[in-house]
Amino acid sequence: MEKIELLAEQLRSADEETRRLAVVGLSGHPAGKTKDILFTALGDVSWRVRKEAVDALLAAEIPAEIIEEFVLLLESDNAGLRNSAVETLERLGVRAMPVLRRHVTDDDHDVRKFVIDILGSIGDAEAVPLLVNALDDPDPNVCAAAAENLGRIGDVQAVPHLLQALRKNDIWLRYTILESLSKIGKPVPMAIITPLVGENLLKKAAFDCLGAIGDAEAAPLLIEGIRERVKNIREAAVAALMKVRERLPEAVAKQLVDEKLMALNGSPSVEGLLSSLDTADRGLKEALLKLLGIIGDERAIGRLLQCFSDDRLRKYCLPAFKAMGEKAATSLIRLFAETDEEERSFIAYICGELSFPGSEQVLRDGMRDASPLLRKVSVKAAGRAGLSGLVQEIAPLLDDAAPEVRKGAVEALSRLAAEDGDAVLKIAGRLASAELPEKRCNSAILFASLGDTDKLSLLIKDDDAVVRKTAVNSLAALKKESSVGQLVMALADEEADVRIAAAGALGEIGGAAVLEPLLLAMKDEDPWVKCAARKSLGKLGHEGARQEIVELLATGVDGLVTISALQTLSGIGGEGIPELVKKALAHPDEEVVKAAIDILSRQGDGWLDEFREDLLAHPHWDVRRSFIKVLAAERGADAVPYLRSVLDSEKDDLVREQILDIMDRYR
Amino acid sequence: MMFNAEPEIPMSEEEFRLIRDLVYSHSGLFFDNDSKYLLEKRLGRRLSLHRLSAFRDYYHFLRYNREKEQELSDIMDILTTNETYFFREAFQLKAFTDEIIPELIAEKEKKGDRSLRIWSAGCSSGEEPYTIAMLLLEMGCCKGWRVEIIGTDISHRVLQQARKALYGKSAFRATEETYVKRFFQEQDGSFRIADAVKELVTISHLNLFDQNRLALLGRMDIIFCRNVIIYFDQAAKKRVVEIFNRMLRQGGYLLLGHSESLMNISTAFTLKHLKNDMVYQKPRISGDTP
């Protein structure tokens, strides 16, 4: 028996695994020889066998006549077989389009609906006219499927036809059209949508649609919707209102939305909104928190604190607490004594962010708590709130067992240096003579916040390299010319990390005195020191670096060195430099190419046409994206024809989105 | 510490894609567009550690810094570590103790095979393999059997924790008191797992794409791989599940996380409806003995 016959025999086995393995065995044979057997397998009782059959069929070259036969399978009474045919046609994608086009007007309404769903899944805009015609199909399910799949494809050309179909007296169709208009997102006249809010069955879809495409005109309707008794309609109004609000200019949003919402403070509507906070829908939760923040009703305090545990929601809770002001402060401070470690940490954090009256005692207690989390949050909050009265209580936390608490204490004292410099100076002095290098590093950070270069100059001579590096970085932050001598000495440090920091620091400070040492640092044995020196010279625009860099580029060095060399050259400027940068557009490292595009973009548009074709077809998506950004910025609407020419071949979603955005802008 | 009060640096779409692709080419771990938040959140702390102000700079750090290899290794720890705890997904463990183990033991007894090999792939800090060991000890059904529970993970850091076997209270959120009393000793506010449990478990470093190391593991009766393949793209998921298929004995079980399925990944396993859960089983080919 031939192998294929044997496999066909096995496909009749009662054992599922035997049948599945038979289909696996058929994969890779020419479709003509295995088609009938695999078509049988497409309707197998086991989903595993059916899935394997779809994969086996798609692994072979499928001629057009076989594609036609898949469509015939859509008429089958076997649901498994129909599903397999749908999956195969969807996965065939645009290759199935010619056949599907013929069957979009099939005599069987079920087949028409399947075909329309498959066209929607494929998502090709060429299907839009076919689906637009199907909006007039005599079968209501086919009409609704056409409307739904026009939304899935998302082509704006469908909008006028959808609006036309919205006049039909078919509630399900109109609901589906509203959903599709939301998905397409193209603004339509409000006068068409707003009357639909009055129809109970369409209310939710109409609110959703207003959220997607509505403008200021929609705001009063949506604010009214917040008072709705039906929960899901009310929630749709909340989500839509917040989306519309984001699109409005700030002043208009305040007047049209915020003022009206504030009037809800104390009203029964707030209870309804709070009950919706249990939703699992994150988008809705965010909208509710924003809304509650604007209303400022204190009944929300407990729920807001619970939402604080979700770090993505936190940013919406803070403004809400702020809007509630003193009421929030009193409630939160009372809660601090009663609640668990996590919520106490949240309250300490909020105290730091909003500097509530009464925060000092909360943070004092928090810093003494047994929980390292609460100690960390409290000490950082004390710094952010500028509570200089707590300096003496922060100091012991520099010896805390938990490293994150120690770090928080340094951060807080740095912030408080401006408020109580003397106290912080004493603490920094003690740390500077400590045994542990970490403490001496911390002293360097504190001396920097005090602007004390003298003390930092001592730490730059520390026996620990990490302390020396921290001191160098601290001096760099202060940018004082008097530090140059110390930093030049640091260029001779035995640790490369210290030399790198020193080369960078000298670039920050600048001035004539730093040039010679930096030129010498370019001869350092460590490539990263050279790189730092080169960057600094580039930043200072020093001519002396040019020749060496030009020679360096000619040797074909690696990515970062090339990038820093190019940036340095562009900083220095001069003859021949643009040519060198242009040469880098062909560099194999895409980061170098992007750096070159960035440099050239600051020198006019003379280079764009010469490299346009190559860069629009560059293998790396981010290079294409960087070039398109520059092209659009320089050429405006004139860039559109070039972008349109590459749109079809562009496979990267992000770049396609960018091109479509630009084309839309200049439409 | 769960609450991180650091200021957040936003990650742009481009930065996400660049870093995501770099991680993928380094490790095969794939983060889809929904994971942008996860990367932003977990890598944000690396920016503050390296004193960087933007994710673009961090991308350059990963590409060019002389410590890039170390950094990539470190972020594997950060990106693949999920919070876990003992006795997670109780219904699946009930299927394991009440249905899967009795079935396998009866089947093996018949053939005179008294060995049981269980692999916890992506075992993180060890809660899963130790849970399996505690369950087997509690069942008492494997006396006189050679039981091997192998816990593997790509992250060195979590493996250290797994070997140390010392756990804080958050690891016990789903643990009955009787287990704590029987299998743990308190030590400075934490709990150390008993030697009897540790003896059954071997912890080992493993990249699921490392064919040579995988070959050393040998055939398994059960593979637990819960909430791990979520980190892979479709192609990598297919590869990993194919590896599991190769490593399981016929009739062996693959236990995935409750939100994971093999839909559109593999048809090689049957979905078995047990009383307590649905699990995947490697089919026995008719006529073959397992």
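What counts and what doesn't
- Residues numbered from 1 in each chain as written.
- Chains lettered and ligands numbered in written order.
- Predicted model: local features only at pLDDT ≥ 70, side-chain atom pairs only at ≥ 80, totals over all residues.
- Heavy atoms only, no water.
- Helix = DSSP H or I, 4+ residues; strand = E, 2+ residues; numbered from the N terminus.
- Rg over C-alpha atoms; globule rule 2.2 N^0.38 Å.
- Buried < 20%, exposed > 50% of the residue type's maximum accessible area, 1.4 Å probe, protein only.
- Contact = heavy atoms within 4.5 Å.
- Areas by Shrake-Rupley, 256 points an atom, 1.4 Å probe, with all protein chains shown as cover.
- Lys, Arg positive; Asp, Glu negative; His and termini not counted.
- Charge placed at Lys NZ, Arg CZ, Asp CG, Glu CD.
- Core = buried A, V, L, I, M, F, W, Y, C linked by side-chain atoms within 4.5 Å.
- Pairing = 2+ DSSP bridges.
- Patch = residues over 30% accessible without salt bridge, like charges linked within 9 Å, V, L, I, M, F, W, Y side chains within 5 Å.
- Salt bridge = Lys/Arg side-chain N within 4 Å of Asp/Glu carboxyl O.
- Phe/Tyr/Trp six-rings, centres within 6.5 Å; stacked < 30°, edge-to-face > 60°.
- Lys NZ or Arg CZ within 6 Å of the ring centre and 35° of its normal.
- Axes fitted to C-alpha atoms, helices over the stretch in contact; angles between N-to-C directions.
- Parallel < 35°, antiparallel > 145°, perpendicular 65-115°, else oblique.
- Nonpolar A, V, L, I, M, F, W, Y, C, P; charged D, E, K, R; others polar.
- pLDDT = per-residue confidence, 0-100.
- Buried area = accessible area lost by both parts, 1.4 Å probe.
- Polar contact = N/O pair within 3.5 Å; in protein donor to acceptor, adjacent residues only side chain to side chain.

Some words on the overall build of chain B
The secondary structure content of chain B amounts to eleven helices and ten strands. The C-alpha radius of gyration computed for chain B amounts to 20 Å, which stays within 12% of the reference 19 Å derived for 290 residues, consistent with globular compactness. For the C-alpha atoms alone, the extent of chain B along its principal axes is close to 65 × 50 × 30 Å. By residue count, 55% of the 290 residues in chain B fall in the buried class.

Regarding the overall build of chain A
The helix and strand inventory of chain A stands at 43 helices and zero strands. Split into buried and exposed, the 667 residues of chain A put 55% on the buried side. Considering only contacts within chain A whose residues lie at least 6 apart along the sequence, 61% involve residues at least 24 apart. Of the roughly 30100 Å² of accessible surface on chain A, 50% is carried by carbon and sulfur atoms. In chain A, the 85 positive side-chain charges and the 111 negative ones have mean positions that sit 3 Å from each other.

Notes on the nonpolar core
Judged by nonpolar contacts, the single largest core of 197 residues is most densely connected at Phe70, Leu89, Leu241, Leu261, Phe321 and Ile394 of chain A. Broken down by element, the residue count for this core peaks at nine residues, all from helix H16 (residues 231-247) of chain A. Beyond its immediate sequence surroundings of up to four residues, phenylalanine 321 of chain A is in contact with Ile301, Leu304, Leu305, Phe308, Ala328, Leu332, Ile350, Leu354 and Phe356 of chain A. Of all hydrophobic cores here, the second largest spans 93 residues; its members include Leu631 and Val655 of chain A together with Leu47 and Phe209 of chain B.

Observations regarding the pairing of strand E5 (residues 190-193) of chain B
Residues and elements named next belong to chain B. Burial of E5 is one-sided: the residues Phe191 and Ile193 facing one way are buried, the residues Ser190 and Arg192 facing the other way are not. Relative to E5, strand E3 (residues 166-167) runs antiparallel, the two being bridged by two bridges. In the strand pairing of E5, tyrosine 167 is matched with phenylalanine 191. As defined by bridge partners, strand E4 (residues 184-187) adjoins E5 across four bridges and the pair is classed as antiparallel. Note that in E5 the partner of glutamate 186 across the bridge is phenylalanine 191.

Some remarks on a negative patch on the surface
Among the surface-exposed residues, Asp653, Glu657 and Asp661 of chain A together with Glu13 of chain B lie close enough to one another that they form a single negatively charged patch. Within the element layout of this structure, aspartate 661 of chain A appears in helix H43 (residues 653-665). A relative accessible area of 47% means that aspartate 661 of chain A is categorised as partly exposed.

Digging into the sheet that holds E3 of chain B
Pairing between sheet strands relies on hydrogen bonds along the backbone, with the strands arranged either parallel or antiparallel. Spatially, three strands are ordered E3-E5-E4 (chain B) in an open sheet, and the strand pairing comes out antiparallel. Each of the sheet's edge strands pairs with one partner strand only, and the pair in question is E3 and E4 of chain B.

Here we look at the packing of aromatic side chains
Enumeration over the complete set of coordinates arrives at 18 aromatic pairs over all chains. Ring geometry for phenylalanine 86 of chain B and phenylalanine 184 of chain B: centres 5.2 Å apart, planes at 70 degrees, overall edge-to-face. A residue pair is termed long-range when its members are at least 10 positions apart, and phenylalanine 86 of chain B in the loop between helix H4 (68-80) and helix H5 (90-111) and phenylalanine 184 of chain B in strand E4 qualify at 98 residues. Across the pair, exposure class does not vary: phenylalanine 86 of chain B and phenylalanine 184 of chain B are buried alike. Seen from their ring centres, tryptophan 119 of chain B and phenylalanine 244 of chain B are 5.5 Å apart, and the 85 degrees between their planes marks the pair as edge-to-face. One end of the pair, tryptophan 119 of chain B, is in strand E1 (residues 115-121); the other, phenylalanine 244 of chain B, is in helix H11 (residues 234-247), and 125 residues separate them in sequence. Considered together, tryptophan 119 of chain B and phenylalanine 244 of chain B belong to a single accessibility category, that of buried residues. Pairwise contacts between aromatic rings join Phe86, Tyr130, Tyr167, Phe172, Phe184 and Phe191 of chain B into one cluster. One residue, lysine 35 of chain A, lies across the ring of phenylalanine 39 of chain A, its end atom 5.6 Å from the ring centre. In this arrangement the basic side chain of arginine 344 of chain A is found over the ring face of phenylalanine 336 of chain A, its NZ or CZ atom lying 4.9 Å from the centre.

So, the packing of helix H29 (residues 437-450) of chain A against helix H31 (residues 465-478) of chain A
All names here are of chain A. Axis separation between H29 and H31 bottoms out at 9 Å; the angle between their running directions is 5 degrees. By the angle between their axes, H29 is roughly parallel relative to H31. Side by side, H29 and H31 meet where Pro437, Arg440, Cys441, Ala444, Ile445 and Ala448 of the first sit next to Val466, Val467, Thr470, Ala471, Ser474 and Leu478 of the second. When grouped by side-chain class, the residues that make up the contact of H29 with H31 number nine nonpolar, two polar and one charged.

Section: the confidence of the model for chain B
Per-residue pLDDT for chain B has a mean of 89; in total, 95% of the residues score no lower than 70. For this predicted complex, the interface score ipTM comes out at 0.72, while the overall pTM is 0.71.

Observations regarding the pattern of salt bridges
All names here are of chain A. According to the stated counting rule, one finds 72 salt bridges over all chains in the structure shown. One salt bridge in this structure joins aspartate 208 and lysine 204, with 2.8 Å as the shortest N-O distance. Highlighted residues: aspartate 208 and lysine 204, both in helix H14 (residues 203-213), separated by four residues, approximately one helical turn. Take aspartate 208: its relative accessible area is 29%, and that puts it in the partly exposed class. A relative accessible area of 26% means that lysine 204 is categorised as partly exposed.

Some words on the sheet that holds strand E10 (residues 278-281) of chain B
Residue and element names in this part refer to chain B. Strands sit in the order E6-E2-E1-E7-E8-E10-E9 across an open sheet of seven strands; the sheet is mixed. Since the sheet does not close on itself, it has two edges, and those belong to strand E6 (201-205) and strand E9 (270-273), each with one partner. Mean inter-strand twist for the sheet, computed between neighbouring axes without regard to direction, equals 25 degrees. One ladder, built from five bridges, connects strand E7 (residues 220-225) with strand E8 (residues 248-256); its direction is parallel. Bridge pairing in E8 places methionine 220 opposite leucine 248. This element, H11, spans E1, E7 and E8 of the sheet and lies at about 140 degrees to E8.

Quick word on the interface of chain B and chain A
With 34 residues of chain B in contact, the opposing surface of chain A contributes 45 residues. Counting each side, the surface lost to burial between chain B and chain A is near 3300 Å², with a carbon and sulfur contribution of 52%. Scanning the region where chain B abuts chain A turns up five salt bridges. Where arginine 63 of chain B meets aspartate 589 of chain A, a salt bridge forms, and the shortest distance between an N and an O atom there is 2.9 Å. At the surface where chain B touches chain A, the tally comes to 13 residue pairs in polar contact (both at pLDDT 80 or more).

A word on a nonpolar patch on the surface
Residues Ile171, Trp172 and Leu201 of chain A make up a contiguous nonpolar surface patch of about 330 Å² in total accessible area. By the secondary structure assignment, tryptophan 172 of chain A is in helix H12 (residues 171-184).

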